[in-house]
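Architecture at a glance
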There are 4 protein chains.
Amino acid sequence: MDKIKVGIINVTGYAGVELARLLSQHPQVELASVTGRSAAGQSLSEVFPHLAGIDLTIKAKLGDVELAFSAMPHKESAEEIIPLLEKGIKVVDISADFRLKDASEYQQWYGLNHPAPQLLAQAVYGLPELHRAQIAPAQLVANPGCYPTGAILALAPAVKAKLIGPDIIVDSKSGVSGAGRTLSLATHYSEANEDTTAYALEGHRHLPEITQELKLLNPGQSPSVTFVPHLIPMTRGILTTAYANLTSGKLKAEELRKLYLDFNKDEPFVRVADSPPHTKQTWGSNLCLVYPTVDQRTGRLVVISVIDNLVKGAAGQAIQNMNLMLGLPETMGLEALPVYP
Amino acid sequence: MDKIKVGIINVTGYAGVELARLLSQHPQVELASVTGRSAAGQSLSEVFPHLAGIDLTIKAKLGDVELAFSAMPHKESAEEIIPLLEKGIKVVDISADFRLKDASEYQQWYGLNHPAPQLLAQAVYGLPELHRAQIAPAQLVANPGCYPTGAILALAPAVKAKLIGPDIIVDSKSGVSGAGRTLSLATHYSEANEDTTAYALEGHRHLPEITQELKLLNPGQSPSVTFVPHLIPMTRGILTTAYANLTSGKLKAEELRKLYLDFNKDEPFVRVADSPPHTKQTWGSNLCLVYPTVDQRTGRLVVISVIDNLVKGAAGQAIQNMNLMLGLPETMGLEALPVYP
Amino acid sequence: MDKIKVGIINVTGYAGVELARLLSQHPQVELASVTGRSAAGQSLSEVFPHLAGIDLTIKAKLGDVELAFSAMPHKESAEEIIPLLEKGIKVVDISADFRLKDASEYQQWYGLNHPAPQLLAQAVYGLPELHRAQIAPAQLVANPGCYPTGAILALAPAVKAKLIGPDIIVDSKSGVSGAGRTLSLATHYSEANEDTTAYALEGHRHLPEITQELKLLNPGQSPSVTFVPHLIPMTRGILTTAYANLTSGKLKAEELRKLYLDFNKDEPFVRVADSPPHTKQTWGSNLCLVYPTVDQRTGRLVVISVIDNLVKGAAGQAIQNMNLMLGLPETMGLEALPVYP
Amino acid sequence: MDKIKVGIINVTGYAGVELARLLSQHPQVELASVTGRSAAGQSLSEVFPHLAGIDLTIKAKLGDVELAFSAMPHKESAEEIIPLLEKGIKVVDISADFRLKDASEYQQWYGLNHPAPQLLAQAVYGLPELHRAQIAPAQLVANPGCYPTGAILALAPAVKAKLIGPDIIVDSKSGVSGAGRTLSLATHYSEANEDTTAYALEGHRHLPEITQELKLLNPGQSPSVTFVPHLIPMTRGILTTAYANLTSGKLKAEELRKLYLDFNKDEPFVRVADSPPHTKQTWGSNLCLVYPTVDQRTGRLVVISVIDNLVKGAAGQAIQNMNLMLGLPETMGLEALPVYP
C-alpha cells in the first residue's frame with residue numbers, strides 16, 4: 001500500500017521539527033513536503049542535523065499532500081489553512097486559531113478579529129480523550145495548547161462526575177521549549193538556567209481553552225479557573241497541579257482513583273499513576289500520566305498530570321489526531337517509550 | 001572590640017556549610033567552633049574546599065561559644081541543645097524541634113514524643129518579620145523551615161488585613177539543595193535533572209508551621225491550607241505561589257500592592273517586586289521578593305514569593321536571628337547582593 | 001516467524017534499563033527475561049514507570065533465552081557469563097571483563113586476576129566499525145566502554161591511514177549518567193549541577209581499551225595516549241576532543257574530511273558532520289557524529305566526536321552487536337532519530 | 001575618607017552588571033556613574049532587579065570619575081576610552097582592544113586596523129600574577145580574556161621554569177554566560193541545555209593572548225598552541241585542561257606541585273589545589289584553582305585550572321587591577337567566598 005502523503009507548514013519551530021521527527025517513524029504516512037519562510041531552499045537536515053535521515057528540502061509553498069499540519073503562528077495559520085481546506089486537504093492546526101468556539105473570546109484574548117469565523121463551526125477541538133468521535137470525520141482539527149492538554153486531562157474525570165465545585169486552581173510548571181525557538185531574554189540560557197518564575201499573571205491565552213472544555217464536561221456549572229504558568233529550567237515537560245474543593249468532602253482517595261481509572265480505561269496514552277508522576281516519565285513520548293488524590297485535611301481534590309509539552313502537548317497529539325482523521329490506528333507511530341533517564 | 005564567638009553544630013550539611021560561609025564574612029562575629037560526627041578530625045577546608053579561607057578543624061564536641069547554631073536533624077537537635085541552654089548559651093535551632101508551639105502537633109507530624117516540651121514556651125519562632133520583638137531577648141530561637149518562610153511572607157499582609165477567606169492553596173517549587181546533602185535516588189543527578197515532580201502529597205511537615213503562623217495573624221479564622229511542594233531541577237531557590245479567595249472581590253491590584261508595601265516598609269530583607277520575581281533575583285542573598293496580585297476574573301488573590309532556600313530559607317535567616325539576639329544591626333553580614341546571572 | 005528470545009542480566013542500572021527500552025521496540029527480538037538482585041520479585045514497570053508498556057517481572061535468575069546481555073559489574077559479569085556460554089547461549093557483555101586481550105593488562109587496571117582468561121581468545125571487541133566480520137560469528141562479544149567508543153571512532157581513520165604520530169591527547173566530556181545509577185556525592189544533584197570537573201587523572205580504566213584498538217589499527221606504532229575524562233552537568237552525551245600531530249603538516253581539511261568519509265562510507269551509525277557536532281544531535285540515538293579538522297597554525301589534527309553514552313556508548317551498541325550475532329540487519333530496532341531539542 | 005568615584009561604560013552586559021554587583025561591596029570605592037545606550041534613562045535596578053540596593057540611573061554619557069571600566073565591544077571601547085585618557089582618567093578596558101601588543105595581530109584576529117595603535121605601548125596586560133608591578137602605575141590596563149586567564153595561570157609556572165616543550169594543547173570548557181547577554185541560537189536555553197559542543201575550531205580570538213603571554217614567560221621558545229573552547233550547560237565557570245610534553249620526562253608530581261606552590265606563594269587569588277578542582281569551588285569568587293600533575297605513562301604535563309568566568313575571568317580581575325592602580329589593597333572588595341553548592 002502506498003503511504004499517505006502529509007506535509008508540515010512552518011517546520012522550523014520546535015513543534016514543527018518534532019512533527020518531522022515523529023512522522024519519519026510512522027509506518028503508513030510519508031512526510032512529503034515541509035515549508036518555512038526564512039529557511040526556504042535549505043535542506044531539512046542542514047537546518048536540523050538530527051534529522052539527517054530525512055531527505056527533504058524546505059520550500060516556500062506546500063506540495064501535494066492529503067493532510068497538512070500547520071505550525072504557523074495564530075492568524076497566519078488560518079490564512080494558510082483556508083485555501084488548503086478549499087482544495088479538500090485535511091488540516092491539523094497546531095496554532096490557536098480554531099480552538100475557541102466563540103469568536104468573541106478569540107477577539108478578547110488574541111486582540112484581533114477572528115480571521116475565519118465561518119470555519120469555527122466545523123473545527124473540532126483535537127483532544128481525542130474528549131472528542132474522538134468528532135475528530136475522526138473532521139476536515140479541520142484544532143490541536144490543543146500544551147497547558148490545556150495537561151490541565152483538562154487532570155480535571156476531566158472529576159468535572160464530568162460533578163465531584164468538584166467551580167473554584168479551580170491550575171498551577172503549571174513548564175520546561176523552556178514551550179516558549180518556542182524564537183529568541184528572547186526570558187529563554188536566554190544564562191537567564192533561564194537555575195531560575196524559576198511565574199508569568200502571564202494577568203491572564204494566559206490558554207485559560208479560555210481550559211474553561212471552554214471544563215464547561216462542556218459539566219454544562220450545569222461555570223468553572224472559575226485561576227491558571228498560573230511557571231517557567232522551569234528544563235527543556236521538555238509540563239507538570240500541572242490542579243486544586244478544587246470536593247462537593248462531598250468525604251471522598252476517599254481509592255474511590256477517586258477508581259473513577260479516574262474508569263474514565264481512562266480505554267485511553268492508550270493516559271495512564272493513572274500509582275505514585276506522584278515525574279515529567280521525565282513522559283520524556284519524548286505521547287503519554288500523559290495523571291495522579292488524583294484527596295487532601296484529607298481540607299476535603300480538597302489535588303490532581304497532578306505530566307506530559308512532554310512537545311509530544312502530547314503538541315506534535316504527538318497532532319499525529320494522534322491525524323491517525324484518527326485518516327482512519328489509522330490511533331497509536332500508530334507513537335509507540336516509542338519515554339527516554340529515561 | 002573582640003568579636004563574639006559562635007559555633008555550628010553539624011556543619012557538614014548544606015545549611016551548616018552555608019552558615020560557615022556567611023559567618024566568615026560577618027564583621028562582629030567569629031566562627032570559633034564547628035562540629036560534625038562523620039567528619040570529626042578533618043579540617044573544614046578539606047571537606048569543603050570553597051571554605052579554604054577558614055582555618056578550623058571539625059570537632060566532635062562544640063567549644064566555648066556565646067551562641068550556637070544547631071543544624072542537627074530533629075530530636076537529636078533538641079538533645080544537643082538542652083545542655084547548651086543550661087550553660088546559658090544562646091541557640092538558634094535550624095531543626096524543626098521548637099517550631100511548633102503544640103507538642104501534640106509535633107507528635108503527630110514527626111511521629112515521636114517531643115524531646116523537650118518544657119522548652120516550647122520559651123522558644124520563639126524565628127521569622128523576624130513577625131516576631132522581631134520576641135526574638136531579640138530570646139535564648140532559644142526556632143529557625144523557620146524554608147517553605148514556611150516563603151509561604152508566610154507571601155500571605156502575612158493579606159491574612160493580617162483579613163482580606164482573604166480560610167481556603168488557601170500554597171504551591172511551592174524548590175531547588176534540589178532543599179533536600180540536603182544526604183544521598184538519595186530522588187536527588188541523584190540523572191534522576192532530578194530535566195525533571196519536575198510533586199511530593200509529600202499526603203502532607204508535608206512544613207504545613208503545620210504555615211498554619212500556626214497564619215492563624216496567629218488572624219486568630220478569628222482557622223486557615224484551611226493545602227500545601228504541595230515540588231522538586232525543580234535547579235540547586236537553589238524556592239518560588240511559592242499562594243492562592244486564596246478575597247473576602248471582597250473588588251480589591252484592586254494597586255490597593256493590594258500598597259497594603260504589602262505598608263506591611264513591609266521597614267523590612268530590610270522583604271521587597272515588594274514590581275514584576276513577577278525570579279528565584280535567581282535572590283540567589284545567594286537573604287532577600288525575599290513578594291509579588292501580590294489579583295486575578296480579576298475570579299476575585300482571587302495570587303501572591304508569588306521567592307527566596308534562596310539556603311539563605312533566607314535557612315542560614316541567612318539564622319544569622320538575622322543571631323544579630324537580633326546579640327543586639328547587632330539586623331542586616332550585619334547579610335548585605336551581599338544576589339549573584340546574577 | 002517467532003521472535004528470538006533475549007534476556008538482560010542486571011536490568012536495574014542505566015545500561016540495563018536502556019537496553020529494555022530499546023529492545024521493546026525491536027521487531028524481531030523479544031525481551032523474555034530480566035534479572036536484578038535487589039529488585040527481584042518486583043515488576044519492571046514498578047521500578048521503572050517509563051517502561052509501563054513492558055510486562056515482565058524482575059527475577060533472580062535468567063530464564064530461557066538465545067542471547068543474553070550482561071550489565072553486571074566486572075568480575076561478577078564473567079562469573080555469570082561462564083555457565084551461559086557452556087549452555088551455548090550467546091552473550092554481549094557490557095562489563096569490562098572481556099575487552100582487554102591481555103589478562104595482565106586487566107590485572108593491572110582492575111586490580112584482580114582475570115576471572116576467565118581462557119575465554120579471552122574467543123571474545124571479540126564489539127566495535128562493529130572495526131570488527132564487524134568477527135562479531136557476526138562470535139559467541140561472546142565484549143561491548144566497548146562509552147569513552148573508547150567515542151575516542152576510537154574519532155581517531156580510527158587517521159591512525160589507520162598513518163596520518164598522525166604516536167602522541168595523542170583524548171579530552172572527553174561526559175554527562176553524569178555515565179557514572180551510573182549508584183548513589184555518590186559526585187553525582188548528587190546539588191554537587192554536579194552547575195559544575196565541571198576532571199577526574200581519574202592518575203589513569204582511567206578506559207585508557208587501555210583505547211590504546212589496544214589504536215595499536216591494532218597501526219601496528220607499526222605504539223600510541224602514547226593521555227586520556228582525561230570530565231564530568232559535565234547534563235544527563236546524556238559524551239563529546240570527545242582528540243589531538244595529535246600530523247606526520248605531514250600539509251594536510252588540508254578537505255583531504256582529511258574525504259579520508260573520514262571514505263572510512264565511514266558504509267557505516268550506518270557514524271556520520272561525518274559538516275560542522276562541529278553537538279551531543280544533543282545524538283540524544284537517544286545510536287549515532288556517532290565525527291568532525292575531523294586541521295589546526296593549520298600548528299599542523300595538528302583535531303577531531304571531535306559525539307555520542308549518547310547510554311546508546312552508542314552502551315545499550316544501542318550492544319543491540320547493534322546482537323543484530324550482527326543473530327544475523328539480523330545491523331540497524332534493526334535502532335532507527336529512532338535523536339530527540340531534539 | 002571620601003570614597004573614590006568610579007564608573008562603568010556599558011553596564012548592561014554580564015561583565016558590566018557583575019562589576020556593579022562587586023563594586024557595590026567595595027569599601028573604598030563608589031560606583032558613581034554607569035552608561036548603556038539601549039537602557040539609558042532607566043534606573044539600574046529596573047533593568048537588573050538583583051541590584052535594587054544600588055540607586056543609579058543608566059546614562060548615555062559617563063559622569064565624573066577617577067577610574068572607568070569599559071565593557072564596550074572591541075573598537076568601540078577604544079573610541080570611548082581615548083577621550084577619557086586625555087582627561088587623565090584611569091581606565092580598565094574589559095574589551096580586547098589593548099590586550100595584544102602587536103597591532104598586526106589585532107588586525108589579523110579582529111579584521112580591522114587597530115583603532116588606537118599609539119596607546120599600545122602604554123597599555124598593560126592586566127593579569128596581576130604576571131604584571132603586577134606594571135599595572136600599579138599604569139593609566140590604561142587591558143583586562144585579559146576569560147579563557148586566557150585560566151590558561152595562562154595553568155601554564156605559567158611550567159613555562160617560566162622551562163619544563164615543557166613548545167607543543168601545547170589548551171582544551172577549555174566554559175559556561176554559557178561567557179557568550180554574553182546578547183541573544184543567539186547557540187545560547188537559547190533549549191539549544192544549550194543538555195548539550196556540549198566545541199566551537200571556533202578555525203581559531204578563537206583568545207589564542208593570540210595566550211601565545212603572547214606564554215612567549216613572554218620563556219622568550220627562548222615559540223609556543224605552538226592549539227586552543228579549543230567548548231560550551232557547557234552551566235551558567236558560570238571555565239575549566240581548562242592544558243597538556244604539554246615535559247622536557248624531562250622524569251619529573252615527579254610532587255616536584256611539579258612544589259614548583260606551582262612556589263610560583264603562587266604570594267598570590268591572594270591563585271590556589272594550588274590538593275585534588276582536581278571543580279568550577280563550583282570558585283562560583284561567584286575571584287579565585288583561580290590550579291591543579292598540576294604528570295601523566296607518568298607518557299611523561300606529559302597535565303594542568304587543570306578553574307575560574308568563575310565573570311569574576312576572575314572578567315569583573316573581579318578588573319577590580320583587582322583597579323585596586324592596584326588606585327593603591328588600594330589588591331584583595332579589597334573581593335574577599336567573598338565562593339557560593340556552594
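Here the residue numbering is sequential within each chain, running from 1 through the sequence in written order. Chains and ligands are labelled sequentially in the order written, the chains with letters from A and the ligands with numbers from 1. At least 70 in pLDDT is required for a residue's local features to be given in this predicted model, at least 80 for side-chain atom pairs to be given and counted, and no such filter applies to totals for whole chains, interfaces and linings, which use all residues. Side-chain figures throughout are based on the complete set of non-hydrogen atoms in the structure, without hydrogens or water.

Mapping chain A onto chain B leaves a residual RMSD of 0.0 Å; the transformation is a rotation of 180 degrees accompanied by 0.0 Å of translation along its axis. Considering both components of the superposition, the chain copies are consistent with a two-fold axis. Among all C-alpha atoms of chain A, that of P233 of chain A lies closest to the rotation axis, at 3.2 Å. Residue by residue, 100% of the interface of chain A is reproduced at the interface of chain B, so both copies engage with the same surface. A least-squares fit on C-alpha atoms brings the copies together, and the residues used are those whose pLDDT is at least 70 in both copies. Throughout, a contact is declared for two residues whenever any of their heavy atoms are within 4.5 Å.

Okay, the interface of chain A and chain B next. Listed per partner, the contact involves 49 residues of chain A and 49 residues of chain B. Note on chain A versus chain B: buried area summed over both sides is about 3900 Å², and carbon and sulfur give 51% of it. For the chain A face of the interface with chain B, the top three residues by lost area are E194, L201 and R297 of chain A, together amounting to 17%. When a carboxyl oxygen of Asp or Glu lies within 4 Å of a side-chain nitrogen of Lys or Arg, that pair is called a salt bridge. Put simply, chain A and chain B have four salt bridges between them. In this structure, D167 of chain A engages R300 of chain B in a salt bridge whose closest nitrogen and oxygen atoms are separated by 3.1 Å. Under this definition, polar contacts are N or O atom pairs within 3.5 Å; protein pairs additionally need one hydrogen-donor-capable and one acceptor-capable atom, and for neighbouring residues in sequence, both atoms have to be side-chain atoms. For the pair chain A and chain B, the number of links is 46 residue pairs in polar contact (both at pLDDT 80 or more). Under the scheme used here, helices are H or I runs from DSSP no shorter than 4 residues and strands are E runs no shorter than 2 residues, and both carry numbers assigned from the N terminus. Going through the elements one at a time, β8 (164–174), α7 (189–192), β9 (197–198), β10 (224–231), β11 (238–246), β13 (288–295) and β14 (300–307) of chain A are the ones with two or more residues in the side of chain A that touches chain B. Looking at the side of chain A that touches chain B, the element that brings in the most residues is β8 of chain A, giving six residues. We define buried area as the total accessible area lost by two parts upon association, computed with a 1.4 Å probe and summed across both.

A separate point is the interface of chain D and chain A. Tallying the contact residues gives 19 residues for chain D and 19 residues for chain A. Across the interface of chain D and chain A, roughly 1700 Å² is buried in total on both sides, 54% from carbon and sulfur atoms. Contact with chain A buries area across many residues of chain D, yet L183, H188 and Y189 of chain D alone supply 41% of it, more than any other trio. On inspection of chain D and its partner chain A, the count reaches two salt bridges. R181 of chain A is the partner of E191 of chain D in a salt bridge, and the nearest nitrogen-oxygen pair spans 3.5 Å. On inspection of chain D and its partner chain A, the count reaches 18 residue pairs in polar contact (both at pLDDT 80 or more). For the side of chain D that touches chain A, the leading source of residues is helix α7 (residues 189–192) of chain D, giving four residues.

Right, let's get into the sheet that holds strand β1 (residues 4–9) of chain C. Strand pairing in a sheet is mediated by backbone hydrogen bonds. Such pairs are either parallel or antiparallel. Residues and elements named next belong to chain C. Within the open sheet, the seven strands sit side by side as β3-β2-β1-β4-β5-β7-β6. Their pairing is parallel. Across the chains shown, the open sheet's two edge strands, defined by having one partner strand only, are β3 (58–59) and β6 (124–125). Note on pairing: two strands pair once DSSP finds at least 2 bridges between them. Two elements, strand β4 (residues 67–70) and strand β5 (residues 90–93), share four bridges in a ladder whose sense is parallel. From the neighbouring strand, L67 faces β5, where its bridge partner is K90. Under this scheme, a helix contributes an axis fitted over its contacting stretch, all axes are lines through C-alpha atoms, and angles between N-to-C directions fall in the 0 to 180 degree range. Along the sheet face, helix α3 (residues 76–86) touches β1, β4, β5 and β7 (140–142) and points at about 165 degrees away from the line of β5.

Attention now moves to the packing of helix α6 (residues 146–160) of chain A against helix α8 (residues 207–217) of chain A. All names here are of chain A. The N-to-C vectors of α6 and α8 enclose an angle of 20 degrees; their axes lie 9 Å apart at closest approach. Here α6 lies roughly parallel to α8, going by the angle between them. Seen from above, α6 lies across α8 with right-handed handedness. Side by side, α6 and α8 meet where P148, A151, I152, L155, A156, V159 and K160 of the first sit next to E209, I210, E213, L214 and L217 of the second. Under the scheme applied here, ten amino acids are nonpolar (Ala, Val, Leu, Ile, Met, Phe, Trp, Tyr, Cys and Pro), four are charged (Asp, Glu, Lys and Arg), and all others, including Gly, are polar. In terms of residue class, the contact of α6 with α8 is built from nine nonpolar, no polar and three charged. Note on terminology: angles under 35 degrees are roughly parallel, angles over 145 are roughly antiparallel, angles of 65 to 115 are roughly perpendicular, and the others are oblique. Each helix crossing is assigned a hand: it is left-handed if the near helix lies turned anticlockwise from the far helix by less than a right angle, otherwise right-handed if that turn is clockwise.

Let us look at the pairing of strand β14 (residues 300–307) of chain B. Here is the key point about a regular strand: its side chains alternate between the two faces of the sheet. Residue and element names in this part refer to chain B. The element β14 is extensively covered by neighbouring structure, given that eight of its eight residues are classed as buried. For every residue, the accessible area obtained with a 1.4 Å probe (protein chains only) is divided by the maximum for its type, and the residue is called buried under 20%, exposed over 50%, and partly exposed between those limits. Residues R300, V302, I304 and V306 line one face of β14 and the alternating positions L301, V303, S305 and I307 line the opposite face, and both faces are buried. Sheet topology places strand β11 (residues 238–246) next to β14; eight bridges connect them, and they run antiparallel. Along β14, the bridge assignment pairs Y243 with V302. Two elements, strand β13 (residues 288–295) and β14, share eight bridges in a ladder whose sense is antiparallel. For P292, the partnering residue across the bridge sits in β14 and is V303. Where β13 hands over to β14, the hairpin turn is made up of four residues, of which G299 adopts a positive phi near 60 degrees.

This brings us to the relation of the copies chain D and chain A. Of the transformation superimposing chain D on chain A, the axial component is 0.0 Å and the angular component is 180 degrees, with the fit at an RMSD of 0.0 Å. A symmetric contact is evident, with 100% of the interface residues of chain D recurring at the interface of chain A.

A word on the side chain of D93 of chain C. All names here are of chain C. Within the fold, D93 resides in strand β5. In this tally Asp and Glu are treated as negative and Lys and Arg as positive; neither His nor the chain ends contributes. No salt bridge is formed by the buried D93. Its closest oppositely charged neighbour is R99, at 7.1 Å. With sequence-adjacent residues up to four places away left out, D93 is seen in contact with S70, S77, I81, F98, L140, V141, A142 and N143.

A few words on the pattern of salt bridges. Residues and elements named next belong to chain A. Here the structure, examined in full by the defined rule, presents 64 salt bridges over all chains. In this structure, R132 and E330 form a salt bridge, with 2.7 Å as the shortest nitrogen-oxygen distance. Here the residue R132 occupies a position in helix α5 (residues 128–135), and E330 occupies one in the segment after α10 (311–325), the gap between them amounting to 198 residues. By relative accessible area, which is 26% here, R132 ends up partly exposed. Take E330: its relative accessible area is 14%, and that puts it in the buried class. In this structure, a network of salt bridges that share partners links the residues E18, R21, R236 and D308.

Turning our attention to the confidence of the model for chain A. Per residue, pLDDT measures the predictor's confidence, with a range of 0 to 100. On average, residues of chain A carry a pLDDT of 97, and 99% of them reach 70 or more. On the interface metric, ipTM, the complex scores 0.97, and its pTM is 0.98.

A separate point is the domain arrangement of chain A. Residues and elements named next belong to chain A. You can read the domains of chain A as domain 1 (4–143 + 312–325) and domain 2 (147–309). The source of the domain bounds is an automatic or database domain assignment. The straight-line distance from the C-alpha centre of domain 1 to that of domain 2 is 24 Å. Across the boundary between the two partners, domain 1 contributes 25 residues, which contact 33 residues of domain 2. Between domain 1 and domain 2 lies a buried interface of about 2400 Å² when both sides are counted; carbon and sulfur atoms form 55% of it. Between R99 and E209 there is a salt bridge, and its shortest N-O distance comes to 2.8 Å. Summed over the shared surface of domain 1 and domain 2, the number is 16 residue pairs in polar contact (both at pLDDT 80 or more). If you list the elements that add at least two residues to the side of domain 1 that touches domain 2, you get α1 (14–23), α4 (103–110), α5 and α10. The leading source of residues in the side of domain 1 that touches domain 2 is α10, at six residues.

With that out of the way, let us pick up the packing of helix α6 (residues 146–160) of chain C against helix α9 (residues 253–263) of chain C. All names here are of chain C. One can describe the packing of α6 onto α9 by two numbers: an axis separation of 10 Å at closest approach and a directional angle of 105 degrees. When the interaxial angle is binned, α6 and α9 end up roughly perpendicular. In this structure, α6 contributes L153, A154, L155, A156, P157, A158 and K160 to the contact, and α9 contributes L259, Y260 and F263. Classifying every residue of the contact of α6 with α9 by side-chain character gives nine nonpolar, no polar and one charged.

With that settled, consider the environment of L155 of chain B. With respect to the helices and strands, L155 of chain B occurs in helix α6 (residues 146–160). Of the residues examined, L155 of chain B reaches a relative accessible area of 0% and is grouped as buried.

Residue and element names in this part refer to chain C. Expected helix span is given by 1.5 Å per residue-to-residue step, counting one fewer step than there are residues. Over its 15 residues, helix α10 (residues 311–325) runs only 18 Å from end to end, short of the ideal 21 Å by more than 12%, given 1.5 Å per residue. Working definition for bend: take the seven residues up to and ending at a residue and the seven starting at it, fit an axis to each, and measure the angle between the axes. At Q317, α10 shows its largest kink, close to 45 degrees. The buried count for α10 comes to 15 of 15 residues, which makes it a mostly enclosed element. G327 sits one or two residues past α10 and shows a positive phi near 75 degrees.

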